[in-house]
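Coordinate inspection notes
Okay, here's what each chain looks like letter by letter:
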Amino acid sequence: QVHMVESGGGLVQAGGSLRLSCAASGRTFSSYPMGWFRQAPGKEREFVAAVRWTGDTLYADSVKGRFTASRDNAKNTVYLQMRSLKPEDTAVYYCAATSGSWGMHSALYDYWGRGTQVTVSS
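Residues numbered from 1 in each chain as written. Predicted model: local features only at pLDDT ≥ 70, side-chain atom pairs only at ≥ 80, totals over all residues. Heavy atoms only, no water.

Let us now look at the overall build of the protein chain. Tallying secondary structure elements over the protein chain gives zero helices and eleven strands in all. Mapped from its N terminus to its C terminus, the protein chain presents α and β elements in the order β-β-β-β-β-β-β-β-β-β-β. In summary, the protein chain has a C-alpha radius of gyration of 13 Å against a globular reference of 14 Å for 122 residues, a match within 12%. A principal-axis box enclosing the C-alpha atoms of the protein chain has dimensions of 40 × 25 × 25 Å. Relative to all contacts within the protein chain whose residues are 6 or more apart in sequence, the contacts with residues 24 or more apart total 58%. A total of about 6,300 Å² of accessible surface is found on the protein chain, and carbon and sulfur atoms cover 46% of it. Averaged over its 13 positive side-chain charges, the protein chain has a centre that lies 4 Å from the centre of its 9 negative ones. (Helix = DSSP H or I, 4+ residues; strand = E, 2+ residues; numbered from the N terminus. Rg over C-alpha atoms; globule rule 2.2 N^0.38 Å. Contact = heavy atoms within 4.5 Å. Areas by Shrake-Rupley, 256 points an atom, 1.4 Å probe, with all protein chains shown as cover. Lys, Arg positive; Asp, Glu negative; His and termini not counted. Charge placed at Lys NZ, Arg CZ, Asp CG, Glu CD.)

Right, dumping it as structure tokens:
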């Protein structure tokens, strides 16, 4: 059984930083592209970032230059370092993994965590 557990969310003031982690178990994800998505109240889930096993990354325009995705394949863990946070970054953040192609579309991803809440106050 596959488990993906996010952690590191919380409440932070605008301009602050948070680091999210996602630990995967039940399968070796070292070769799987991993992604981060978020969903704000009343909005659809949107792509944030993705990272391949090679370290190649992909970012949404809204977070480019502020967020950094990385991974530790030995630990089956992916990270999202978030800096210069804005109130509009407030959302539940989900990590996901795909056994196939990577990209910005949530339908590409097979495995999902339950999410961690990030709240940015103004």
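With that settled, consider the pattern of salt bridges. The full count for this structure, using the stated rule, is five salt bridges. Linking Arg 38 and Asp 89 is a salt bridge whose minimum nitrogen-to-oxygen distance equals 2.9 Å. Here Arg 38 is found in strand 4 (residues 34-39), whereas its partner Asp 89 is found in the loop between strand 8 (77-82) and strand 9 (91-97), with 51 residues between them in sequence. Exposure class is identical for Arg 38 and Asp 89. Each is buried. Residue Arg 52 pairs with Asp 56 through a salt bridge whose shortest N-O separation is 2.8 Å. For Arg 52, a relative accessible area of 31% corresponds to the partly exposed category. By sharing partners, the salt bridges in this structure join Arg 38, Glu 46, Arg 66 and Asp 89 into a single network. (Salt bridge = Lys/Arg side-chain N within 4 Å of Asp/Glu carboxyl O. Buried < 20%, exposed > 50% of the residue type's maximum accessible area, 1.4 Å probe, protein only.)

Glancing now at unusual backbone geometry. Where the residue is not glycine, phi is negative for most of them; where a peptide bond is considered, it is trans in most cases. Located in the positive-phi region is Asn 76, a residue other than glycine, with phi close to 55 degrees. Here Asn 76 is to be found in the loop between strand 7 (67-72) and strand 8. Using a relative accessible area of 15% as the deciding quantity, one classes Asn 76 as buried. With a phi close to 50 degrees, Ser 84 is a non-glycine residue in the positive phi region. Mapped onto the fold, Ser 84 is located in the loop between strand 8 and strand 9.

Attention shifts here to the side chain of Arg 71. Its location among the elements puts Arg 71 in strand 7. It turns out Arg 71 is buried and unbridged, and the closest side chain with the opposite charge, Asp 72, is 8.2 Å from it. Within the structure, the side chain of Arg 71 is placed 3.0 Å from the backbone oxygen of Val 51, a separation counted as a polar contact. A distance of 2.7 Å separates the side chain of Arg 71 from the side chain of Asn 73, its partner in a polar contact. (Polar contact = N/O pair within 3.5 Å; in protein donor to acceptor, adjacent residues only side chain to side chain.)

Strand order in the open sheet formed by four strands is 1-3-8-7, and the pairing between neighbours is antiparallel. In this open sheet, the two strands that pair with only one neighbour each are strand 1 (3-7) and strand 7. Mean inter-strand twist for the sheet, computed between neighbouring axes without regard to direction, equals 15 degrees. The pairing of strand 7 with strand 8 spans six bridges and is antiparallel. (Pairing = 2+ DSSP bridges. Axes fitted to C-alpha atoms, helices over the stretch in contact; angles between N-to-C directions.)

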